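Listed below, chain by chain, are the residues.
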Amino acid sequence: MIYSELYLKQKIKLPTVISLLLIIFITVVFSRFFLGLAGSSKASLKVVKRVEIVNLLPEQASIFWQTDQKESGWVAYGEGKGNENKIVLDEKDLNNISQKKGQYKTHLATLKELIPGKKYFFKMVSGNNQIIVQPDGSSFSFITPQNNLNSLQNISPAFGKILQSNSIDPLINSYILLSIAGGYPLLTQIKSEGDGSWLIPLSQIYSKNSQNLLTIADKDKIIIEIITSEGETSTITTTKSKVS
């Protein structure tokens, strides 16, 4: 046996078990490190105090939601659960596509070119990378009604005029939300221009259970909410016969 062979055979080696344990330890440490980085980049889930599907039509629907603090936001939606790959901006940001999105407490986004009789899933995304979902963590959903123009009711619209507390200046940058039991609410905006007047047609209020048009009787209770840009709410309860 030559000297070089004797040297190689006596070279110090780690036992096989210790080597395997060392490899496992290094793998776990690095995997936790990289998973931690990946997890921190994912959006967190958030539940807001109010989300309403409003102005539902066979080919269109609007999403209204309120947040406790002013923040930017938009809607992601799609035809499959977990496949919300279409984006709609807050209506206040539609003219500011190239600019930074605004921050608001009240939000409204309109989904257009929908398919009648189709189920859609949606969720909101805030500017701080939070996904707004239902309390159980699932996406929101709705079904568009079928086109049924023959069932439209000949009803006078609801209308009015909103003034600020000084009874002189009109209330601006606010929303009027009209609700009837069992139906999807109707909503209109009071924008920055104008005298505080608003109008909501009542001919197409769809049932939440059947997606059919609701028949409204004169004595049916109607709730009208005035929601300011700061999220403050005033409520008026009336009937169909007095809503105009």
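To keep things clear, this report deals only with the structure shown in the data block. (Residues numbered from 1 in each chain as written. Predicted model: local features only at pLDDT ≥ 70, side-chain atom pairs only at ≥ 80, totals over all residues. Heavy atoms only, no water.)

Below, the discussion takes up the nonpolar core. Counting 21 residues, the largest nonpolar core has I63, V75, Y77, L111, F122, M124 and F142 as the members making the most contacts within it. Elements represented by at least two residues in this core include exactly β2 (50-57), β3 (60-71), β4 (73-78), β6 (104-112), β7 (119-126) and β9 (140-143). Ranked by size, the runner-up nonpolar core spans 18 residues in total, among them I155, L202, I222 and I226. (Core = buried A, V, L, I, M, F, W, Y, C linked by side-chain atoms within 4.5 Å. Buried < 20%, exposed > 50% of the residue type's maximum accessible area, 1.4 Å probe, protein only. Helix = DSSP H or I, 4+ residues; strand = E, 2+ residues; numbered from the N terminus.)

This part is about the sheet that holds strand β11 (residues 174-180). Strand order in the open sheet made by the four strands is β12-β11-β14-β15, with antiparallel pairing throughout. Here the strands that pair on one side only, and so sit at the sheet edges, are β12 (186-190) and β15 (233-239). Between one strand axis and the next, the sheet turns by 20 degrees as a mean value, whatever way the strands run. Examined bridge by bridge, β11 and strand β14 (residues 221-227) share six bridges and lie antiparallel to one another. The residue bridging L177 from the neighbouring strand is E225, located in β14. (Pairing = 2+ DSSP bridges. Axes fitted to C-alpha atoms, helices over the stretch in contact; angles between N-to-C directions.)

Once that is clear, we can look at unusual backbone geometry. The phi torsion at N129 lies on the positive side, around 65 degrees, for a residue other than glycine. Its identity as a non-glycine residue notwithstanding, Q211 has a phi of 65 degrees, on the positive side. Relative to the elements of secondary structure, Q211 occurs in the loop between β13 (197-200) and β14.

Overall, the coordinates contain five aromatic pairs when judged by the stated rule. Ring geometry for F64 versus Y175: centroids 5.2 Å apart, planes at 65 degrees, classification edge-to-face. Here the residue F64 occupies a position in strand β3, and Y175 occupies one in strand β11, the gap between them amounting to 111 residues. By relative accessible area, F64 is classed as buried at 0%. Y175 gets classed as buried once you look at its relative accessible area, which sits at 1%. With a centroid separation of 5.9 Å and an interplanar angle of 25 degrees, the aromatic rings of Y120 and F142 are classed as stacked. (Phe/Tyr/Trp six-rings, centres within 6.5 Å; stacked < 30°, edge-to-face > 60°.)

Now for the side chain of T106. By secondary structure assignment, the location of T106 is in strand β6. Once residues lying within four places of it in the same chain are set aside, the contact partners of T106 are F64, W65, Q66, D90, K92, Y175, I227, T228, S229 and G231. (Contact = heavy atoms within 4.5 Å.)

Within the element layout of this structure, I205 appears in the loop between β13 and β14. Here I205 falls in the buried class, since its relative accessible area comes to 2%. In contact with I205, not counting residues within four places along its chain, are L178, I180, G183, Y184, L186, N212, L213, L214 and I216.

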